[in-house]
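# Examining the three-dimensional arrangement
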Amino acid sequence: MIYLDNNATTKIDETVLEAMMPYLKEEYANPSSIYNFSKRASNAIKESRGIIKDFINAKDEKEIIFTSCGSESANTAIKGVLNYNKAKKHIITTKVEHACVLNLYQTLEKQGYKVDYIGVNSNGDLDLEQLENSITSETALVSIMWANNETGVIFPIQKISEIIKSKNAETKLFVDAVQVAGKIPIDVQSSGIDLLGISGHKFHAPKGIGALYINSKTLITPLIVGGHQERGKRAGTENVPYIVGMAKAAEIATDSLKYELNEVKRLRDKLETSILKNIYNSRLNTGVANRVPNTTNIGFEYVEGELILLHMSDLGICASSGSACTSGSLEPSHVLRAMNVPFTAIHGSIRFSLSRFTTEEEIDYVCEQMPKIIEKISAISPYQDELAALKALKQI
Amino acid sequence: MWDYSDKVMDHYRNPRNVGKIENADAIGIAGSLACGDQLKIYLKIENNIVTDAKFQTFGCGSAVASSSILTEMIIGKTVEEVKKITNKDIADALGGLPPEKMHCSVMGYEALEDALKDYDKSEYEDLYDIMEPEQQEKIVCTCFNVTENMIWDAIKQNGLKTIEEVTNYTKAGGACGKCKGLIQDIIETYYTKQKAENQLSPTQRILKINNIIETQISPELQKDGGDINLVDIKDNKVYVKLHGKCSTCKNATLTIKRFVEQTLKTAMDENIEVIEI
């Protein structure tokens with residue numbers, strides 16, 4: 001199997017699993033208990049919190065709380081900020097956010113919040129002018145993803161923070177960093193971030209663990225109320241083995257950043273260049289620059305994405321698609337639509353996302369197979385004249 | 001991952017009858033590139049028999065499979081036989097489709113219908129020339145260009161009852177959702193109309209209930225050595241008499257309530273009450 005769907009989830013690193021095992025077996029104590037047996041569990045959490053603090057360069061480990069996933073981090077941050085100061089009813093986000101944020105905002109709109117959705121251009125880059133013009137004295141929160149999950153396009157968070165703070169110093173910035181953690185360096189202090197969410201399973205920890213950074217100047221009303229865990233900001237007995245696992249994964253990710261930025265990027269570029277060169281009805285759906293190193297989103301014109309994925313799957317290649325048919329939603333990806341990807345290509349868009357476990361041989365195999373798959377599917381398309389015209393155009 | 005049947009997988013992996021027929025006697029098109037799937041079907045018809053069929057499809061696995069199996073289903077059939085094929089026949093031939101994918105079978109049906117219209121037109125070309133241009137069908141869902149007739153057909157052929165089902169079968173209402181009210185109206189109109197058509201005279205109603213008791217209920221009770229017959233009907237109350245083992249069986253009341261009443265309710269209407277005398 002060749003797994004090129006690492007923006008969906010990743011393989012658990014063996015070292016991560018090993019680090020978790022003692023806490024799944026003998027070290028099962030509740031970290032809140034008083035006896036010595038629970039010391040090792042509570043120390044493990046403390047140590048893990050320190051590692052996550054360093055991973056995103058937070059100032060203090062008190063600013064880190066552990067959650068169950070990226071969606072919980074986003075919900076805690078957004079609802080937490082809004083509920084703490086209910087007077088302000090204006091929020092800003094982007095048209096290309098992850099569904100967990102967009103659906104939450106649609107719910108908030110029904111509850112009387114005014115939401116502005118910032119658009120993107122055809123490269124996938126955010127309209128910063130629209131952002132600047134949208135911020136008012138009433139703006140409680142701006143929530144923006146650091147990189148888009150479908151396109152890999154990175155948004156200039158530091159610049160965005162400067163724009164926000166210059167217009168309204170009280171407006172809070174929540175950054176959904178799920179797609180950048182482990183791919184590019186994160187520095188919450190120099191980037192001017194108030195809240196930031198990450199999810200372990202996107203960087204080789206297991207599913208079911210995430211973290212939320214809340215800087216010391218930002219106050220929230222907790223989402224999950226109960227015990228005193230996580231300084232009262234997130235009740236529930238701590239998931240010790242998974243917290244330890246995510247911390248180990250963050251440690252390895254920090255060490256692997258150079259490899260991501262060089263090797264993973266090189267393989268991604270090799271795959272991208274080869275497909276664009278050898279398949280005449282392919283197009284890059286984004287700009288070339290400002291992307292996380294592991295992701296490429298390519299549109300195949302006049303063919304449909306699910307069918308491409310099914311043929312890839314028959315060869316053991318896993319990727320994902322922005323096509324309507326794969327999700328059952330009937331409409332193609334909201335991200336690609338916001339970018340105005342032409343309708344000839346939007347239904348045939350495929351996202352390839354690599355990881356540090358992706359090998360050269362795997363990429364070579366995919367480079368070899370993709371033209372055959374696309375040719376096979378193109379041959380049954382009713383748009384033979386359009387395809388022929390496209391082929392002639394590319395040959396000139 | 002969709003739970004596709006082996007047949008669906010076989011047909012998208014190895015689609016049959018792909019391509020174009022030059023000098024086709026009929027061509028049918030359904031769907032569009034913007035909507036995410038399109039099917040073109042080409043027919044060769046000789047002496048009222050479909051002698052060849054080919055297709056070209058832009059769409060997902062189930063769209064290709066629906067197109068492919070459709071060509072297999074129609075080759076060798078008479079035009080009249082082909083006209084009777086519904087989207088349900090296509091889905092059934094594939095061993096079923098996931099609910100959200102039923103619209104792929106509908107697309108097959110629509111392309112076939114379009115081809116048959118095209119064929120009729122070429123047969124009676126002179127006649128068409130003197131006829132008034134066909135009235136534009138009323139479009140309900142502007143996102144996916146779905147007409148009232150298409151929704152009506154899907155409800156009729158598949159017994160659809162909710163907006164969600166209509167969306168799964170026709171795509172209507174699947175994007176902006178503005179037409180959901182209209183879809184609800186069509187569903188209600190369809191069932192009101194159907195109810196009116198099904199309205200029986202008192203005599204017809206008695207005969208129908210008696211027929212159900214004799215053909216569906218009595219044989220089942222006979223298997224257990226009992227029997228049942230109709231005594232009287234007053235409004236929604238159906239009076240029956242039990243015979244043989246049934247008349248002394250402790251479970252008789254339960255039998256009547258559960259089985260007899262449910263059978264009659266399903267076949268007639270929900271308000272029927274069965275009373276043993």
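Quick caveat: nothing in here was measured; it's all calculated off a predicted structure.

Accessible area lost upon the coming together of the parts serves often as the stated size of an interface. With 21 residues of chain A at the interface, the matching set in chain B holds 21 residues. Contributions of two or more residues to the side of chain A that touches chain B are made by α9 (305–314), α10 (324–327) and α12 (343–346) of chain A. It is α9(A) that contributes the most residues to the side of chain A that touches chain B, four residues altogether. The residue inventory of the side of chain A that touches chain B, partitioned by class, reads 12 nonpolar, five polar and four charged.

Whenever strands of a sheet pair, they do so through backbone hydrogen bonds, lying parallel or antiparallel. All names here are of chain B. Across the sheet, three strands lie side by side as β1-β2-β3; this open sheet has antiparallel pairing. Of all strands in the sheet, those with a lone pairing partner are β1 (26–32) and β3 (49–58), marking the two edges. Here the average twist between neighbouring strands, direction ignored, is 15 degrees. Judged from the seven bridges that link them, β1 and strand β2 (residues 37–46) form a sheet pairing that is antiparallel. What sits directly across from G31, in β2, is Q38. Sheet contacts for helix α2 (residues 61–74): β2 and β3; angle to β3, the most-contacted strand, approximately 175 degrees.

All names here are of chain B. Here the domain parsing of chain B yields domain 1 (1–133), domain 2 (135–199) and domain 3 (202–276). A C-alpha centroid distance of 21 Å is found between domain 1 and domain 2. Opposite the 11 residues of domain 1 that make contact, domain 2 presents 10 residues. Element by element, the count of residues in the side of domain 1 that touches domain 2 is highest for helix α5 (residues 102–123), at four residues. Considering only residue class, the side of domain 1 that touches domain 2 consists of four nonpolar, four polar and three charged.

Before going further, it helps to examine the domain arrangement of chain A. Residues and elements named next belong to chain A. Taken domain by domain, chain A comprises domain 1 (13–253) and domain 2 (257–395). Here the C-alpha centre of domain 2 lies 30 Å away from the C-alpha centre of domain 1. With 21 residues of domain 1 in contact, the opposing surface of domain 2 contributes 22 residues. Residues that form the side of domain 1 that touches domain 2 fall into these classes: nine nonpolar, eight polar and four charged.

Glancing now at the packing of helix α7 (residues 148–158) of chain B against helix α9 (residues 180–198) of chain B. All names here are of chain B. Contact geometry for α7 and α9: axes closest at 10 Å, N-to-C directions at 50 degrees. Classified by the angle their axes make, α7 and α9 are oblique. Our pair here, α7 against α9, has a crossing hand that is right-handed. Residues E148, I151, W152 and I155 of α7 pack against I183, I186, I187 and Y190 of α9. When grouped by side-chain class, the residues that make up the contact of α7 with α9 number seven nonpolar, no polar and one charged.

A few words on the sheet that holds strand β10 (residues 295–300) of chain A. As summarised here, the arrangement of the four strands in space is β9-β10-β13-β12 (chain A), forming an open sheet in which the pairing is antiparallel. Single-partner strands in this sheet number two, and they are β9 (282–284) and β12 (320–321) of chain A.

Moving on, we come to the pairing of strand β6 (residues 226–234) of chain B. Residue and element names in this part refer to chain B. In the sheet, β6 pairs with strand β7 (residues 237–244) via eight bridges, with the strands oriented antiparallel. Within the sheet, the bridge partner assigned to D232 lies in β7 and is Y239. The antiparallel hairpin formed by β6 and β7 contains two residues in its connecting segment, where D235 sits at a positive phi of about 55 degrees.

Before going further, it helps to spend a moment on unusual backbone geometry. You will see that A:H204, though not glycine, has its phi angle at about 75 degrees, which is positive. Backbone geometry at B:N145 places phi at a positive 55 degrees, although glycine is not the residue there. Counting through the fold element by element, B:N145 comes out in the loop between β4 (139–141) and β5 (146–147). Take B:N145: there are 15 C-beta atoms within 10 Å of it, and that puts it in the partly exposed class.

Procedures and definitions
- Residue indices follow the written sequence of each chain, beginning from 1 at its first position.
- Chain letters start at A and ligand numbers start at 1, both assigned in the order the entries are written.
- Thresholds applied to this predicted model are a pLDDT of at least 70 for local features of residues and 80 or more for the giving and counting of side-chain atom pairs; totals over whole chains, interfaces and linings are not thresholded and use all residues.
- Remark: residues whose backbone-derived C-beta atoms lie within 7 Å of one another are considered to be in contact.
- The helix count covers DSSP runs of H or I at least four residues long, the strand count covers runs of E at least two residues long, and both are numbered beginning at the N terminus.
- Amino acid classes used here: Ala, Val, Leu, Ile, Met, Phe, Trp, Tyr, Cys and Pro are nonpolar; Asp, Glu, Lys and Arg are charged; the rest, including Gly, are polar.
- Only strands that DSSP links by at least two bridges are regarded as paired with each other.
- Under this scheme, a helix contributes an axis fitted over its contacting stretch, all axes are lines through C-alpha atoms, and angles between N-to-C directions fall in the 0 to 180 degree range.
- Marked domain ranges trace back to an automatic or database domain assignment.
- Throughout, the term roughly parallel applies to angles under 35 degrees, roughly antiparallel to angles over 145, roughly perpendicular to angles from 65 to 115, and oblique to all others.
- Should the near helix be turned counterclockwise from the far one by less than a right angle, the crossing is left-handed, whereas a clockwise turn marks it as right-handed.
- Counting other C-beta atoms within 10 Å of its own, a residue is labelled buried from 20 upward, exposed at 12 or fewer, and partly exposed in the gap between, with every C-beta atom placed from the backbone.

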